[in-house]
Amino acid sequence: MTQTDNVVGDRVLVAVQAINISRLSTHPVPTVPGTLIVVAGAGPKDSNGAGKSSFIAAITALLGDEQWRFASGAKAVSELLFNAELAAHGDQQWASADHGYIIGVFDVPSTGLPMTVWLRVNREAPYLEIRWTDGVRLAAGASEAERVTRSDEVWAQLPRGAGRRDIVARDLTRVLYGDRVRCVSFLSTSVRSKVATNLLSQPLNEISPERIFEAIAALTGLDAELDQEREARRDEHAKRVRAAEAADRLREFEIESERLIAAFDRRDRARVELASALRCWRGRLARRLVDAATRDEALEAELATCQEAAESASEAIAELREEIAALKDDSLDRALASARRELAGIQARAAKLEADRAVAQSTADRLRAQMPALEELRRQADGRDVAAAEREMSEARARVDAALKALGVADREVETAQAALDDAENGPAAAQLAALAARGVAAAGLLDAIDVAEQARDASAAGLVVAGSWPHEHAVIVDGADLAAAAEALADLPGSVLVSSTGVTVVGAFESAVTGREARVKAAEQRLNRARDAQDRAAAAVRRAEAEMAEAAGRAEGARAAVRLDEIRTRLESQRELLAALHAAADELTPALDTSEESVSALDFRARTRDMEIERLEGRRSSFEADRDRAREQAARTATERRALDLDGLGEEWGGAVDEARAWLADEESLTADEWWRGAERHLDAALRGGFGDTAETGDEMPEELAFLVNERRGGRAAEELATFPAVCAALGAYLRGQEEYERHRRQQIETQLSSRRRDLETATRGAEDAAQSTAVHRAALTEAIKARLARVAEEFEKLDVGYGGYGATLDFPVPAAPADPEQRWSWRVVPKWRRGDGQGFVPYNRRANTALMDEKAVKLVCAAAIASSGGGHLTLVLDELGRNLGKEHRREAVALFRRIGEMHGITVIGALQDDMEPYAIDACGQYVKLRRSSDAMPYNEPPVIVGHDRHAERVRMLAEWVARPRAVPAPSPDDAAAAAP
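Residues numbered from 1 in each chain as written. Predicted model: local features only at pLDDT ≥ 70, side-chain atom pairs only at ≥ 80, totals over all residues. Heavy atoms only, no water.

An unreviewed UniProt entry lists the protein chain under the name Chromosome partitioning protein ParA, with Microtetraspora fusca given as the organism.

Structure representation (structure tokens):
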């Protein structure tokens, strides 16, 4: 299938179906073209939340409203898809839709050739895909889920609009409507992030003239032409920028070329400087060779003198060494070392004895400190040993356990006696008496009302007790007349017994029976008193047993303390004996220690005297050694200096003999080696600067080898500078020789490129001038088109105002200058004016006036813009929050005006309403649509309510089976699908 234009043609929209669009119901919604269609809502709280804005936004996308920016892909349309996060707990129950459909049925009533257009809305690019087919082809099904599933099946069966691919957003208006304006709209920011000014959303006199023009431009389709004008200014600006850039590039190239030529000339001078540097370097080599030869002759005589002085000092040193060796006999040192070892052993034994004595004394003191406390505890034993005391403590513990058990039995008896007393005082039939009292029936307990004689008590008890139960415990006495009411009141208390003059009525069974309330209470009190006496005796027995237990524990602790005290006395006696032995050993060691110290002192004195004599002789020897060393060092320095002269190396560097160097210097200036060196440095620096310019200091543009050598040379040491000079000159010479051919070639290239860039500048300048002329022509044509379009709006504004109760109106729109900024939109100013009476002049809209007049003129201006943009074809005007700013007394008139203008000029006006506007719009509109959703928890809206009249009966019948009773439609065969393709 080949792509075509204007496939919808003159057909008009007659039905809309939304699939996965916001939370809209998937039911098809028929529309009556050429009239006013109002869209109301019933959300969970008010009209908000029913999806009115989403519904009319879907219609504008279907009809190709350019405010969706189809040329840019219409990404904003994807925001209409169902989003589960917006529903209450929706993200936990449903998933957000990744695609949906906006389906429209178009028809021409006179020919009866319906067409169905499907817009697939995707979450990801492409955001819009378009397919169509002849006839009515909607998604049918018995439920929302079936219609959603069916929509994907139908979409897969529809033919593609462009061969193997689908039509996308940028081609929508051209393919479907032939680039004709089929829809203009004012939508809220809840469905489109950028919207045109809504002339009906606020008082007209509060809207600036610029915003009025923007609104009229949106309604009349001038937006696209203004965007084209801005694109033309952008193109002109871009070409001017390119021309300026070409000029800048030429200027920069000329500057760069001049810099390169200057660099080439500088390198030529560098080559001359390098040759001068090499000549100075050769003069330095010659001067150094001649000076070194003269110095070598003087050093040779000095070396002989130093060698004679060194030999005399060596002989004196040998004599002193023999005398010192005789004094350094080691017998005295061995005797002193032996004496010191003996003294150290005696001192170690004395220290060991003192440490042992301190430990024994500390242990004895600690044992004596424990004895008073143990003496006090021993008195508690009362003469008993440990076994007897522990046996008595075990017996006391057993008596405590028995007393505690007896106390527990007494406590349970007290609790049982107290419960029996409470039961005797309250009566067993308390629940029955309370229930009868609540019903107003007088009654008394049977057991409370009778007493059993003492002599008959045993017999009666034997007769009443049956297997531990008392069948008369819950019996009550009532009057015979109240028997029925009493039985009804005790129906919820099984086990109750009613006794009356008419007989006994048993409702259930009993557990026990006791007669005589006072006797029972008295017996229970006596039982409780006996139980409490027994409880007191048991508690006293527990206290006595616990006291005996404490005394037995104290005697056991005293018996154990007596055993511990005997052990400590034994250990204390052994420590006293140890201390006595240690004192005796220390006294025996003292004489030996004194003798050893005296011997060490005498030997040490003799050793110090000998060392002093050796030190004196060593001093003399050191003096002679210093003289010898100085002589040798001087001889070594002299020899080193001769070697440092390196006559052979200097001769090799010069490349000849000394006589040849003297001859070469005879023909040059009489300069020293340093002067020759400074000249060589000066010429080399000039050569480096000539070769690399300002970068010679940093070495950024130098070859890697040369940069390394220059950095080494600039390290700050003269030796490094001298050592690297030949290599730097060689590397620099190689670099300059390598650049010669390149520079000759580069000079030719510069001349060629200068000519080429000058031609490019001339071409860019002509292009900028042509673009400026084209933009001026386009702007002039657009100016006339805008003026014609605004004049058409002004004409329709005049007609509507005069035709609907006014005195005439017009628009004032001076032509503004184009903005200098190419990104800025060309903003016009439109000033509505109207007459306030016959024969009066026009008054600007921003003069003080009543609100009703402002509302009326705003409605007429919107309708005039819509009529002017229709161009004789069918147009749909979509308004969000219709009449929100209108006063209550003018809302009905405004709605009626929209309907009359739509029917007269063939314009379909679709407006969304708020709650307060709905009563005024119901009677005045041509079709009423109400969207409903009663709970936020519902994923989709309920079926909409639609009330309207379409005079084309065949169109109603065509849509009836799809709207009145949605049902599943069998998929067509492949042959049928091929036949249905346009």
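Draft legend 1. Quick peek at the sheet that holds strand β7 (residues 167–168). One open sheet holds the 6 strands; their spatial order is β2-β1-β4-β5-β6-β7, and the pairing between them is antiparallel. The open sheet has two edge strands, β2 (29–30) and β7, and neither has a second partner. Here strand β5 (residues 115–122) pairs with strand β6 (residues 128–134) via 7 bridges, running antiparallel. Across the sheet, the residue bridging to V121 is L128, located in β6. Against the sheet, helix α1 (residues 52–62) engages β1 (12–19), β2, β4 (99–107) and β5, with an angle of about 65° to β4. Against the sheet, helix α3 (residues 144–157) makes contact with β1, β4, β5 and β6, and its axis sits at roughly 105° relative to β5, the strand it touches most. (Pairing = 2+ DSSP bridges. Helix = DSSP H or I, 4+ residues; strand = E, 2+ residues; numbered from the N terminus. Contact = heavy atoms within 4.5 Å. Axes fitted to C-alpha atoms, helices over the stretch in contact; angles between N-to-C directions.)

Draft legend 2. Seen up close, the nonpolar core. Judged by nonpolar contacts, the single largest core of 62 residues is most densely connected at L199, I212, F213, I216, L811, L877 and F898. Residue contributions to this core peak at 12 residues, all from helix α19 (residues 851–870). Contact partners of L877, with chain neighbours within four places excluded, come to V184, L219, V862, A866, F898, I907, T908, V909 and I910. Grouped together as the second largest cluster of nonpolar side chains are 48 residues, V7, I37, A57 and L81 included. (Core = buried A, V, L, I, M, F, W, Y, C linked by side-chain atoms within 4.5 Å. Buried < 20%, exposed > 50% of the residue type's maximum accessible area, 1.4 Å probe, protein only.)

Draft legend 3. Just the pairing of strand β10 (residues 475–478), in detail. Relative to β10, strand β9 (residues 443–445) is paired through 3 bridges, and the arrangement is antiparallel. For G445, the partnering residue across the bridge sits in β10 and is V476. The pairing of β10 with strand β11 (residues 497–500) spans 3 bridges and is classified as parallel. Residue pairing for β11: A475 is matched across the bridge by V497.

Draft legend 4. Looking closely at the environment of A277. Tracing the sequence through the fold places A277 in helix α6 (residues 222–327). Considered as a pair, A277 and A680 are 403 residues apart in the sequence and their alpha carbons are 4.3 Å apart. Not counting the four nearest positions on each side in its chain, A277 is found in contact with A680, H683, L684 and F725.

Draft legend 5. Main features of α1. Counting buried residues along α1, 11 of its 11 residues qualify, which places the element largely inside the surrounding structure. All of the buried residues in α1 are K52, S53, S54, F55, I56, A57, A58, I59, T60, A61 and L62.

Draft legend 6. How the structure looks around a negative patch on the surface. A contiguous patch of negative charge, built from E308, E311, E315, E319 and E322, is present on the exposed surface. Residue placement: E308 occurs in helix α6. The class for E308 is exposed, based on a relative accessible area of 56%. (Patch = residues over 30% accessible without salt bridge, like charges linked within 9 Å, V, L, I, M, F, W, Y side chains within 5 Å. Areas by Shrake-Rupley, 256 points an atom, 1.4 Å probe, with all protein chains shown as cover. Salt bridge = Lys/Arg side-chain N within 4 Å of Asp/Glu carboxyl O. Lys, Arg positive; Asp, Glu negative; His and termini not counted. Charge placed at Lys NZ, Arg CZ, Asp CG, Glu CD.)

Draft legend 7. Representation of the sheet that holds β10 in the model. Across the sheet, 4 strands lie side by side as β9-β10-β11-β12; this open sheet has mixed pairing. Where the open sheet ends on each side, the last strands, each with one partner, are β9 and β12 (503–506). Each strand of the sheet is rotated relative to its neighbour by a mean of 25°, with strand direction disregarded.

Draft legend 8. Region of the structure containing the pairing of strand β16 (residues 875–879). The element β16 is largely enclosed, with a buried count of 5 among its 5 residues. Neither face of β16 is exposed, since L875, L877 and L879 on one face and T876 and V878 on the opposite face are all buried. One ladder, built from 4 bridges, connects strand β8 (residues 183–186) with β16; its direction is parallel. Each residue of the ladder has a partner; that of V184, found in β16, is L877. Bridge count for β16 against strand β17 (residues 907–912) is 5 bridges, and the pairing is parallel. The residue of β17 that forms the bridge with L879 is G911.

Draft legend 9. Quick peek at the pattern of salt bridges. In the structure shown here, the tally under the stated rule is 46 salt bridges. Measuring nitrogen to oxygen at the nearest pair gives 3.1 Å for the salt bridge that ties E153 to R150. With E153 and R150 both in helix α3, this residue pair falls 3 residues apart, about one helical turn. A relative accessible area of 40% places E153 in the partly exposed class. Between R174 and D171 there is a salt bridge; the shortest N-O distance is 3.2 Å.

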